[in-house]
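Spelled out, the chains give:
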Amino acid sequence: MSRGIYNYSLPCENSIKKIKKLIFEGKIKQGEKITELQVSEDLGVSRTSVRETMLLLELEGLLILSPYKDTRVAIISQEEVTELLLPMRIHIEIYALKK
């Protein structure tokens, strides 16, 4: 699954940023099970906000939601990381060359 970069202007925007940070910093491990209740309590936000956040992070490929089962952090391969970071690097280098 291709992972994209989305810009959100939703009430759950802060939750998205916080969960992404926890995943990228390795505080939530790849393949780890997470629950709405756990995330809601950890972030101090409503379960509704967490539910919306999880759905959006699933669209980005960062979470895997299994209805009536569990939610897990996706396992991201090196190729997927490269696919995600390469376009950003190109934009940064083009910007730097213009300066």
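For the structure itself, look to the data block above.
Residues numbered from 1 in each chain as written. Predicted model: local features only at pLDDT ≥ 70, side-chain atom pairs only at ≥ 80, totals over all residues. Heavy atoms only, no water.

### Some thoughts on helix α1 (residues 13-24)
Relative to the 16 Å expected for twelve residues at 1.5 Å per residue, α1 spans 16 Å between its end C-alpha atoms, a close match to the ideal helical length. All of the buried residues along α1 are S15, I16, I19, K20 and I23. What you see down the axis of α1 is that its buried residues fit within an arc of 130°, all on one side. α1 presents N14, K17, K21 and F24 as exposed residues on the side facing more than 90 degrees away from its buried surface. As for α1, its buried residues are in contact with α2 (36-43), α3 (47-59), β2 (63-66) and β3 (70-73). Positive phi shows up at G26, right after α1, with a value of about 80°. (Helix = DSSP H or I, 4+ residues; strand = E, 2+ residues; numbered from the N terminus. Expected span 1.5 Å × (residues − 1). Buried < 20%, exposed > 50% of the residue type's maximum accessible area, 1.4 Å probe, protein only. Arc of directions from axis to C-beta. Contact = heavy atoms within 4.5 Å.)

### What to know about the pairing of β3
Consecutive side chains along a regular strand alternate between the two faces of the sheet. Here two bridges tie strand β1 (residues 33-34) to β3, and the two strands are oriented antiparallel to one another. Counted as the bridge partner of I34 is T71 from β3. Of the strand pairs in this sheet, β2 and β3 are connected by four bridges, and their pairing is antiparallel. Within β3, the residue paired with S66 across the bridge is D70. Hairpin connection from β2 to β3: three residues lie between these consecutive antiparallel strands, with Y68 at a positive phi of about 65°. (Pairing = 2+ DSSP bridges.)

### Section: the packing of α2 against α3
For the pair α2 and α3, interaxial distance at closest approach is 9 Å and the crossing angle is 115°. Judged by the inter-axis angle, α2 sits roughly perpendicular to α3. Crossing of α2 against α3: the hand is right-handed. Contacts between α2 and α3 pair E36, L37, V39 and S40 from the former with R47, V50, R51 and M54 from the latter. (Axes fitted to C-alpha atoms, helices over the stretch in contact; angles between N-to-C directions. Parallel < 35°, antiparallel > 145°, perpendicular 65-115°, else oblique. Left-handed = near helix turned anticlockwise from the far one by under 90°.)

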